[in-house]
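# Summary of the model geometry
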Amino acid sequence: MEAALKPPRRSFVREWILTVDHKKIGIMYGVTALFFFLLGGLFALLVRTDLLSYKGLFTAQSYNEFFTMHATIMIFAVIIPLLTGAFGNYLVPLHIGARDMAFPRMNALSYWLYLVSGIILLLSMVFGMPDAGWTSYPPYSVQSHGPGIDLWVMAIHLSGLSSILGAINFIVTIHKMRAPGMTYTRMSLFTWSMLVTAYMQLFGTPALAGAITTLISDRHFGTVFYNSAQGGDPMLYQHLFWFYSHPAVYIMILPGFGIISEVLPVFARKPIFGYHAIAYSSVAIGFLGFFVWAHHMFVAGMAMSTGIPFMISSMIIAVPTSVKIFNWLATLWSGSVEYTVPMMFASLGFIGSFIIGGFSGVIVAAVPLDMNLHDTYFIVAHIHYVLFGGSVMTIMAGLHFWFPKVTGRMYNTKLGYLSFWLYFIGTQVAFFPMHFLGLAGMPRRIASYNPIFQFWNDVSTIGAYMLGLGTLVIVSNLLYSAKRGRKVAANPWGAQTLEWTISSPPPEHNFDDLPVVSSNPYQPYPEPNANPNPTPSPTPAPV
Amino acid sequence: MPAALTHMSQSVDGLFYWVLGVITFFFVLVEVLLVGFLVRYRRTKQNLVGAAVHGNNKLEILWTLIPALILVAIGVFSVKYVYADQIAPAKPVVIQVIGHEWQWEFKYPNGVDTVNDLRVPAGQNVLFDITSADVIHGFDIPAVRLQQDAVPGRRTQFWVNVESQFVGQTFDVPCDQFCGPGHPTMVAKMQVMSPAAYQSWLQTEKQQQNSTSSNS
Ligand code: HEM
Ligand SMILES: [Cu+2]
Ligand SMILES: [Cu+2]
């Protein structure tokens, strides 16, 4: 590997604080979000520890603050920033053959807004934590005392602003900055997923902003949006909130789907199966995602039959997702599968767990079944299978896949496998029993519970500790290896997207000459006898 | 799953098991294909590259249409349960349910008023008329597989007809919509009574409540 043009030594401030380089910004997003991942995980362990006893080990008030902080951090300070801010920023310009994002300064602004939003969440740990859940339904959230909810609203506003700016940046970048020959159908599937995600963020986030602005206005400025005694209606908040937050759950998984579509073909040594189907199913999800929000409100006060159209649309949105699953399976079929760490996270880890969440989604999308299961632990099982078995698994696949590109080094693979198994087994142990609890009638968000639920709660807590351990292994492995890991070549996996054609880490301007692209990055791998080196040199862009 | 007290909840369980069956079939299918392919097509000296296949439109159509048909069928099949849940029978016994921080209040047709003590006559149609005095609560009776939020300024409803074999038994009625620090302990008890016992309970309660209120 030829040494990249040695960048002149720069101060930390110039190198990082003032940077507008999409790769540096991506790394800053990643590091910040991993810090919040540890913090959000700590809150999760507090929640699970409380539930070790059916009486609850902490006060109900503390418990409420813990689960609110846990979910808020995980959604707004970890998963969304990691997938869009870290992976999106780092990869999209490289994948489309651009030198940077369209608006590099705005990109930096997005990061700094996100950081401030995170700091506000940290401050709330000093001044008073929010206690109304990540959904923060009024009137309870209007009534709740202390600065917790106010800080929460501020943090969500800033993270929303950061999302909107980021989304505009991705949309313009992907539409306008593609390298010569990079037609839409030659883009990487990760880029497709980011494009759809960006549109969802752009159209969805304003609804959330409206919801929380009216909320804070009710709290402090005497308005009565959600005060029914004076003509307000608490359900308005739920409609606004879910109009954003259902799309948000897809914002939290689509880029992950994109990561899976990059990882599987590389380690199956095959072109992705059904490129068009996977790309267009993302578009379908993005579109349909705006028509299902009321499936969160089947029992919230609408007529039961009003749920029917939302039930049908929710059933339909499962179709593009299952199309992806079948295409990924077909990508493995007749492949030459190498069990690398990212491949384990992507195949068994992600596909193997995520489908359970997809299936439970179908169950709760059926109105008569949701009449029973809404707001029980069954929902907690569903969201953790899709967000942990789904999003987090894709994040781990992605981190272990692009780590050598970003750092030029390799992590310890033994520890990588260890963390994979801790994650995979921990996920099942922590979250599968929650289905039983929900079916047995245990409500969600309770600090103490009927002793009949004790056993499965204890099992679940053991699983949670396994996940905590797995997280520590991953983070320490990656942090240590970033400095000390074995150096690796520019393309250790034999991958075909454009970032692998340049040095690791890539030079600041990415490409010495803009690549000229003539096919999508999912081409068949040459037969080994045609090329003595079993790792084919990637030829995505015969220049 | 806990006991299912009503004909409706038994048939909803039927729907659940039916959907679960379909899902389990596809779950096993996907997991077997996943693990099967991972093992069968692992990298070996004889198998260094994968097949040069880009896709197959027939398969795409197949695995779009089949899940679509099944999923929409699940949806359509569920519709009749929704209407059965929604359309209350004529002349039910109406019990008013009011959520408070943090307890359930029940008002019976003859004016009797209880806290966290719900009594329902077996074999009769009982309609719950649900609202809240403060924040949103969730009126959930897992044993009948039904719930509705208790929303201030709004009335929600569902109805039950508990089978007489459950007379004498008591069931939990938790609040399942997060409502603050008292949320976990906001659990009422529902006791199933024979219609006669229910009537006499109503009478004695009424006398007691009248005497306490006239005393005060
Ligand atoms: C197969 C497609 C899916 C369907 C049909 C589906 C359906 C549903 C339904 C009906 C609910 C509301 C249940 C209730 O509260 O009673 C729900 C909740 C939820 N879903 Fe899904 N879902 C699907 C996939 C996903 C994915 C991919 C994610 C995220 C990656 C996700 C994240 C969530 C979350 C976070 C909640 C709970 C929100 C809350 O109340 O706190 N779902 N889902
Ligand atoms: Cu949703
Ligand atoms: Cu409650």
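Residues numbered from 1 in each chain as written. Chains lettered and ligands numbered in written order. Predicted model: local features only at pLDDT ≥ 70, side-chain atom pairs only at ≥ 80, totals over all residues. Heavy atoms only, no water.

### Description of the coordination of the iron atom of ligand 1
To keep it simple, the criterion reads: Sodium, potassium and calcium take a 3.2 Å donor cutoff, other metals 2.8 Å, and in both cases only N, O and S atoms count; water is not among them, so sites may look incomplete.
Coordination of the iron atom of ligand 1 by the protein involves just one donor, A:His382 (NE2), at a distance of 2.1 Å. In this structure, the iron atom of ligand 1 is positioned 4.6 Å from the copper ion (ligand 2).

### Some thoughts on helix 12 (residues 341-365) of chain A
All names here are of chain A. The condition is simple: The numbering of helices and of strands both runs from the N terminus, where a helix is a DSSP run of H or I of at least 4 residues and a strand a run of E of at least 2. To estimate how far a helix should extend, the number of its residues minus one is multiplied by 1.5 Å. Here the bend at a residue means the angle between the axes of two seven-residue stretches, the one that ends at it and the one that starts at it. Only protein chains enter the calculation, and the probe is 1.4 Å; a residue is then buried if its accessible area is under 20% of its type maximum, exposed if over 50%, and partly exposed in between.
Along its 25 residues, helix 12 runs 34 Å from first to last C-alpha, staying within 8% of the 36 Å computed at 1.5 Å per residue. Of all the bends in helix 12, the greatest, near 35°, is centred on Phe 350. With 24 of 25 residues buried, helix 12 is to be regarded as a mostly interior element.

### Points about helix 10 (residues 275-288) of chain A
For the α-helix, the turn length of 3.6 residues means that residues three or four positions removed from each other point alike. All names here are of chain A. Quick note on the threshold: The contact criterion used is simple: two residues touch if any of their non-hydrogen atoms lie within 4.5 Å.
With 14 residues, helix 10 should reach 20 Å at 1.5 Å per residue; the first-to-last C-alpha distance of 20 Å fits that figure. Looking only at helix 10, the buried set comprises Tyr 275, Ile 278, Ala 279, Ser 281, Ser 282, Ile 285, Gly 286 and Leu 288. Contact partners of the buried residues in helix 10: helix 7 (189-220), helix 8 (234-251), helix 9 (254-268) and helix 11 (307-332).

### Section: the domain arrangement of chain B
Residue and element names in this part refer to chain B. We apply this condition: An automatic or database domain assignment is the source of the domain bounds shown. Two parts placed together each lose some accessible area; with a 1.4 Å probe, that loss summed over both constitutes the buried area.
Under the domain assignment used here, chain B contains domain 1 (7-44 + 53-86) and domain 2 (93-215). One C-alpha centre belongs to domain 1, the other to domain 2; they are set 38 Å apart. Every contact between the two is made by 7 residues of domain 1 and, on the other side, 7 residues of domain 2. Note on domain 1 versus domain 2: buried area summed over both sides is about 590 Å², and carbon and sulfur give 44% of it.

### Thoughts on the coordination of the copper ion (ligand 2)
Looking at the copper ion (ligand 2), one finds its protein donor set to be A:His246 (ND1), A:His295 (NE2) and A:His296 (NE2), positioned 1.9 to 2.0 Å from the metal centre. Spacing between the donor residues of the copper ion (ligand 2) along their common chain follows H-x48-H-H.

### Focus on the side chain of A:Ser419
Mapped onto the elements of the fold, A:Ser419 is located in helix 15 (residues 413-439). If we skip the residues at most four places from it in the chain, A:Ser419 touches A:Phe345, A:Gly470, A:Val473 and A:Ile474.

### Focus on the site of ligand 1
Residues and elements named next belong to chain A. Let me state the cut-off plainly: Near, as used in this document, describes a residue that has one of its heavy atoms within 4 Å of the molecule or strand being considered. Between N or O atoms, a polar contact is any pair within 3.5 Å; within protein, one atom must be a potential hydrogen donor and the other a potential acceptor, and residues adjacent in sequence are included only when both atoms are from side chains. Residue type decides the class: Asp, Glu, Lys and Arg count as charged, Ala, Val, Leu, Ile, Met, Phe, Trp, Tyr, Cys and Pro as nonpolar, and the leftover types, Gly among them, as polar.
The environment of ligand 1 is formed by 22 residues, the closest being Trp 134, Asp 370, His 374, His 382 and Arg 444. At 2.9 Å from an oxygen atom of ligand 1 is found a side-chain nitrogen or oxygen belonging to Trp 134. Separating an oxygen atom of ligand 1 from a side-chain N or O atom of Arg 444 is a distance of 2.8 Å. Elements with a contribution of two residues or more to the shell around ligand 1: helix 8, helix 11, helix 12 and helix 14 (377-407). When the residues that make up the shell around ligand 1 are grouped by side-chain class, the tally is 13 nonpolar, 7 polar and 2 charged.

### Thoughts on the nonpolar core
Rules: Working definition of a nonpolar core: buried Ala, Val, Leu, Ile, Met, Phe, Trp, Tyr and Cys residues. They are joined through side-chain atoms within 4.5 Å.
The biggest cluster of nonpolar side chains holds 242 residues, and the ones touching the most others in it are A:Trp328, A:Tyr423, B:Ile95, B:Leu118, B:Phe128, B:Phe139 and B:Phe158. Here this core gets 22 residues from one element, more than from any other, and that element is helix 3 (residues 60-96) of chain A. Of the domains in this structure, domain 1 (7-44 + 53-86) and domain 2 (93-215) of chain B are the two that each give at least three residues to this core. Excluding residues within four positions of it along the chain, B:Leu118 makes contact with B:Ile95, B:Phe106, B:Tyr108, B:Phe128, B:Phe139, B:Ile141, B:Val173, B:Lys189, B:Met190 and B:Gln191.

### Structural notes on the interface of chain B and chain A
Our working definition: We count a salt bridge whenever a side-chain nitrogen from Lys or Arg sits within 4 Å of a carboxyl oxygen from Asp or Glu.
In this assembly, 78 residues from chain B lie in contact with 92 residues from chain A. It is B:Arg43, B:Trp63 and B:Phe178 that lose the most area in chain B upon contact with chain A, and together they represent 10% of the buried surface on that side. Put simply, chain B and chain A have 2 salt bridges between them. The partner of B:Arg43 in a salt bridge is A:Glu338, and the shortest N-O contact between them spans 3.1 Å. Inspection of the region where chain B meets chain A yields 25 residue pairs in polar contact (both at pLDDT 80 or more). Looking at the side of chain B that touches chain A, the elements with two or more residues in it are helix 1 (7-40), helix 2 (57-86), strand 7 (146-150), strand 8 (156-160) and strand 9 (170-174) of chain B. Here the side of chain B that touches chain A gets 18 residues from one element, more than from any other, and that element is helix 2 of chain B. The residue makeup of the side of chain B that touches chain A, split by class, is 48 nonpolar, 18 polar and 12 charged.

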